[in-house]
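An overview of the molecular structure
Each chain, written out:
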Amino acid sequence: MIPFSILDLSQIGEGGTASEALANSALMARQAEALGYSRYWLAEHHGMPGIASAATSIVIAHVGHHTSKIRIGSGGIMLPNHSPLVIAEQFGTLEALFPGRVDLGLGRAPGTDMKTARALRRNMESGVDSFPYDVAELQQLMDTHADDARIMAVPGAGCQVPIWVLGSSTYGAQLAAQMGLPYAFASHFAPDMLHQALRIYRTQYRPSERNPEPRVMVGIMGVAADTDEEAKFLYSSMEQSFANLRRNDRKPFPKPQHGLQLAPEERQMVDHMLQYAVVGSPETIHRKLENFLAATEADELIVSMPIHDIAARLKSVDIFAASPLMAKV
């Protein structure tokens, strides 16, 4: 048994609004907390009509105010888009509002297209190449007490919010191992280097004071329903979304379709990228989870539930929580 967590993109469904998406995130977080999930993380994406979590720190605060004990945080903040000082202040503020509940997951991808990335950063020189130095600077800003700091994050100095490195390749695995930080692999959409990255992280891990042992989180897309057929129908929203992304066709999160037909190259891409998706009835969910967790030997599972209808999404949250593989928090 291991903890299960939730990754939420605050999906703006076709026919819906950002306000509704954010209200749905609060509903989902409350239910996740009641069912014993470990964490509720929000992801930073920009310029995407189907995602309402661009201002990630604000949405984390929104979820925090609607819950009382579940850990909240980012999965992740795309650090090259920000100065470390700004993120230290934002997450120091979150820690002041929700003491002992906040996580800071960091990624080095832009979370958008390059034109939007340029608009976000203004200066592309401080990009992915400076990521290790930015992580170290951010760590120092949050770990150093105010009276010892040359540059002071207020709030933030001394808050010691736990940092996770997020990755979809071996780069993040090596960095997390070298820095003695927990590591979350984005296997929910980037399956290719999963096992290689986990092996590198575990074998190269350098214990740190706060993290004496390596800790691995793995991600899946998860869609659970009463029957396999219903789950596959609900999952067609995610399949359409990935196909739209390939076409650079930016739309709100699609409604599900019966008998979805994709072009052969789109079907191949979708099936490959989402090969670790866990979709089906409770029995199917259990079997697939058992196989995936045995293969990865993960310490924690984080589930993204790409379901258009909020009632069906909450039902999926229920079904995953009923798994005998989930350790309740």
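This write-up is about the structure you can find in this document. The shown structure was predicted, so the numbers you read here are calculated from the model rather than taken from an experiment. (Residues numbered from 1 in each chain as written. Predicted model: local features only at pLDDT ≥ 70, side-chain atom pairs only at ≥ 80, totals over all residues. Heavy atoms only, no water.)

Observations concerning the nonpolar core
Put simply, the rule reads: Definition of nonpolar core: a set of buried residues of the types Ala, Val, Leu, Ile, Met, Phe, Trp, Tyr and Cys, connected through side-chain atoms within 4.5 Å. Type-normalised accessible area, obtained with a 1.4 Å probe on protein chains alone, sets the label of each residue: buried when under 20%, exposed when over 50%, and partly exposed for intermediate values. Strands here mean DSSP runs of E at least two residues long; helices mean DSSP runs of H or I at least four residues long; both are numbered from the N terminus. Here, residues are in contact when the closest pair of their heavy atoms is within 4.5 Å.
Core analysis: the largest hydrophobic core is formed by 70 residues, its most contacted members being Tyr37, Leu104, Leu301 and Phe320. Here the element with the most residues in this core is helix H11 (residues 310–321); it accounts for six residues. Once you skip the residues sitting within four places of it in the chain, Leu104 turns out to touch Ser74, Ile77, Ile87, Phe91, Leu138, Met142, Val161, Pro162, Ile163 and Trp164. The next biggest cluster of nonpolar side chains, apart from the first, holds 19 residues, and it includes Leu262, Val270, Leu274 and Ala312.

Considerations on empty space enclosed by the protein
In this approach, a probe sized like a water molecule rolls over the atoms, and the result shows the empty space that is left. What counts is decided by this rule: With a 1 Å grid laid over protein atoms only, a set of points is called a cavity when a 1.4 Å probe fits there but cannot get out and a pocket when it is open yet has protein on both sides within 12 Å along at least five of seven lines; lining residues have an atom within 4 Å of a point. Grid points are joined across faces, edges and corners, and a volume is the space filled by probe spheres set on the points. Three residue categories are used. Nonpolar comprises Ala, Val, Leu, Ile, Met, Phe, Trp, Tyr, Cys and Pro, charged comprises Asp, Glu, Lys and Arg, and polar comprises the others, including Gly.
Within the structure shown, the criterion is met by one cavity of 30 Å³ or more. Computed from the structure, the largest cavity encloses a volume of approximately 40 Å³. Residues of the lining of the largest cavity, tallied by class, amount to four nonpolar, two polar and two charged.

What about the packing of aromatic side chains?
Filter applied, for reference: When the centres of two rings from Phe, Tyr and Trp lie within 6.5 Å, Trp using its six-membered ring, the rings pair. Their planes under 30 degrees apart give stacked, over 60 give edge-to-face, and anything left gives tilted.
Evaluation of the coordinates by the stated rule reveals five aromatic pairs. With 6.3 Å between their ring centres and 70 degrees between their planes, Tyr183 and Phe185 make a pair best called edge-to-face. For Tyr183, a relative accessible area of 0% puts it in the buried group. Taking 5.1 Å as the distance between ring centres and 45 degrees as the angle between the ring planes, the aromatic pair formed by Tyr276 and Phe292 counts as tilted. Of this pair, Tyr276 sits in the loop between helix H9 (264–273) and strand S8 (278–280) while Phe292 sits in helix H10 (residues 282–296), and the two are 16 residues apart along the sequence. The exposure class assigned to Tyr276 is buried, which follows from its relative accessible area of 18%. One aromatic cluster is present, built from ring pairs that chain together Tyr183, Phe185, Tyr201 and Tyr205.

Things to note about unusual backbone geometry
With omega at 5 degrees, the peptide bond leading from Gly75 into Gly76 counts as cis. Checked against the element boundaries, Gly76 lands in strand S3 (residues 71–78). Unlike most non-glycine residues, Ser10 shows phi in positive territory, near 45 degrees. For Ser10, a relative accessible area of 0% translates into the label buried.

What about the environment of Val102?
Within the fold, Val102 resides in strand S4 (residues 102–107). Excluding anything up to four places from it in sequence, Val102 contacts Arg71, Ile72, Phe91, Leu94, Glu95, Val161 and Pro162.

Quick look at the packing of helix H1 (residues 18–35) against helix H2 (residues 56–65)
A packed helix pair is summarised by two numbers, namely the angle formed by the two axes and the spacing between the axes. Test applied: Note on definitions: angles span 0 to 180 degrees between N-to-C directions of axes, and those axes are lines fitted to C-alpha atoms, for helices only across the stretch in contact. Each angle gets one of four labels, with under 35 degrees taken as roughly parallel, over 145 as roughly antiparallel, 65 to 115 as roughly perpendicular, and the rest as oblique. For a crossing to be left-handed, the near helix must be turned anticlockwise from the far one by less than a right angle; the clockwise case is right-handed.
The N-to-C vectors of H1 and H2 enclose an angle of 50 degrees; their axes lie 9 Å apart at closest approach. Taken together, H1 and H2 sit at an angle that is classed as oblique. As for the relative orientation of H1 and H2, their crossing is right-handed in sense. Between H1 and H2, the contacting residues are Leu22, Ala23, Ser25, Ala26 and Ala29 on the first element and Val59, His62 and Val63 on the second.

Overview of the side chain of Glu95
The condition that has to hold: Only four residue types enter the tally: Lys and Arg on the positive side, Asp and Glu on the negative side, with His and both chain ends excluded. Here a salt bridge means any side-chain nitrogen of Lys or Arg lying within 4 Å of a carboxyl oxygen belonging to Asp or Glu.
Among the secondary structure elements, Glu95 is positioned in helix H3 (residues 84–97). At 5.8 Å, Arg71 is the nearest oppositely charged side chain to Glu95, a buried residue that forms no salt bridge.

By themselves these figures say nothing about function.
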